[in-house]
Amino acid sequence: MSSRKNIAILGSTGSIGTQALEVIREQHSHFNVEVLTSNSNAALLIKQAEEFHPQVVVIADESKFDEVRQGLRELPIKVYAGQEALADVVQLPSVDMVLTALVGYAGLKPTLKALEAKKNIALANKETLVVAGELVTSLATKNNCDIFPIDSEHSAIFQCLVGESHNAVEKIYLTASGGPFRGRDRNFLSTVRKEQALKHPNWDMGAKITIDSASLMNKGLEMIEARWLFGLEPDQIDVIVHPQSIIHSIAQFEDGSMKAQMGLPDMKLPIQYALGYPKRLKSTFQRFDFVKYPSLTFETPDTETFRNLAMATEAMIKGGNMPCIVNAANEIAVAAFLKDQIGFLEMSDLIEDCMNNISFVKHPSYEDYVTTDEETRRKALEFLPA
Ligand code: NAD
Ligand code: MG
């Protein structure tokens, strides 16, 4: 049992977090849960802790601290509260790997802290690499840490690159389902409500990434994520719409050969691969049946209708703190759309306004990212209707 890998899961009560726990439940001879954290879902955090017996749990929302402590009073589990605690628990000596399944900018600091303590990362929280990819990946290299992607497209590329360390990648193609509004025009998009945007055709995910998938911002964030994970230039990263979500992404090499990774859309597979690398652990995940998918199709993304993808690409090319600006503006925009404060297309307007109004920093430090994030959120809130 002592050879089990000790995992800290940040955001264990979310879509990725709960699926990670399903994987660990199945593969308990390989993995042990050391830390569980949630933003504010005290009831589920308690239930998870009762089952998995971590050493520590953290509830980020301090008003829920008493509830969690009371709920776990019979068990030898330490309970902490607050954002600062997240940054501390990732450094526990017993933690081997930190799975970042929390959503948004909040993932940046704990990820940097984990890397400072030389922990390997299983990364679902793409916003961390979007905001500060250069800082995060250079710290990982310096401290000899691995970052294993959980995002299905990046897991696909990662899997395609195994055994190819002597060969340069010419290009990658990230596949996109196109989301629930694929083929729709701006007229239609101007009328859509959150209930429609929250219905993704192929994946059941948290609210923020589901809206990002509908607006194609998700694919833009993923281009930036891929740039840092795989050390690519912007012109080496392309997006192709593939509505069936069976091919999870493609790597093209310098001889023209392409490798693709495929399977049914199920996040448990990339989660398990990231936790178990380099082993492919035996699983009972449903297997793909070719006959059920007689045609796999491909289209060019419509970046005139879905402007977020074009703006994120522009931010990737511009570099510096521009992706951080886009990320913060998008977090505010998505939250406002989910509260019915702005329409679907106004999310793009808000992001564009922030890109044009926040000071550009070519070589940001960590402090510059913090300032950029704060300034952009402030500005974005000003742009919202009162
Ligand atoms: P989710 O909203 O379902 O879950 C988020 C988790 O993080 C919850 O446990 C929540 O309590 C916690 N959390 C949220 N805000 C927090 C904060 N400020 N501080 C501390 N904890 C906080 O989200 P999700 O869909 O699981 O996505 C998590 C991350 O994984 C995102 O970055 C997303 O882009 C990425 N991702 C998700 C999927 C998917 O299928 N869900 C696929 C690829 C990538
Ligand atoms: Mg993805």
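Conventions we followed
Residues numbered from 1 in each chain as written. Chains lettered and ligands numbered in written order. Predicted model: local features only at pLDDT ≥ 70, side-chain atom pairs only at ≥ 80, totals over all residues. Heavy atoms only, no water. Disulfide = S-S within 2.5 Å. Pairing = 2+ DSSP bridges. Helix = DSSP H or I, 4+ residues; strand = E, 2+ residues; numbered from the N terminus. Axes fitted to C-alpha atoms, helices over the stretch in contact; angles between N-to-C directions. Contact = heavy atoms within 4.5 Å. Near = heavy atom within 4 Å. Polar contact = N/O pair within 3.5 Å; in protein donor to acceptor, adjacent residues only side chain to side chain. Areas by Shrake-Rupley, 256 points an atom, 1.4 Å probe, with all protein chains shown as cover. Nonpolar A, V, L, I, M, F, W, Y, C, P; charged D, E, K, R; others polar.

Asks: Which residues make up the state of the cysteines, and what values go with them?
Replies: Here a disulfide denotes a covalent bond joining the sulfur atom of one cysteine to the sulfur atom of another. In the structure shown here, the tally under the stated rule is 0 disulfides. C324 takes part in no disulfide bond, and the closest cysteine sulfur, belonging to C354, lies 11 Å away.

Asks: Give a description of the sheet that holds strand β10 (residues 247-253) that names residues and reports values.
Replies: Pairing in this open sheet of 4 strands is mixed, and the strands run β9-β8-β10-β11 from one edge to the other. Of all strands in the sheet, those with a lone pairing partner are β9 (237-241) and β11 (258-262), marking the two edges. In this sheet, neighbouring strand axes are inclined to one another by 20 degrees on average, regardless of whether the strands run parallel or antiparallel. Most of the contacts of helix α11 (residues 217-230) go to strand β8 (residues 169-176), to which it runs at about 150 degrees, and overall it touches β8 and β9.

Asks: Got a sec to walk through the site of ligand 1? Specific residues and values, please.
Replies: The full set close to ligand 1 counts 24 residues, and T13, S15, N39, E127 and G206 are the nearest of them. The side chain of E127 places a nitrogen or oxygen atom 2.7 Å from an oxygen atom of ligand 1. Here ligand 1 has 830 Å² of accessible area as a free molecule, and 88% of this is covered by the chains. For the shell around ligand 1, the secondary-structure elements that each account for two or more residues are α1 (15-26), α4 (83-89) and α6 (126-142). Here the shell around ligand 1 is built from residues that sort into 11 nonpolar, 10 polar and 3 charged.

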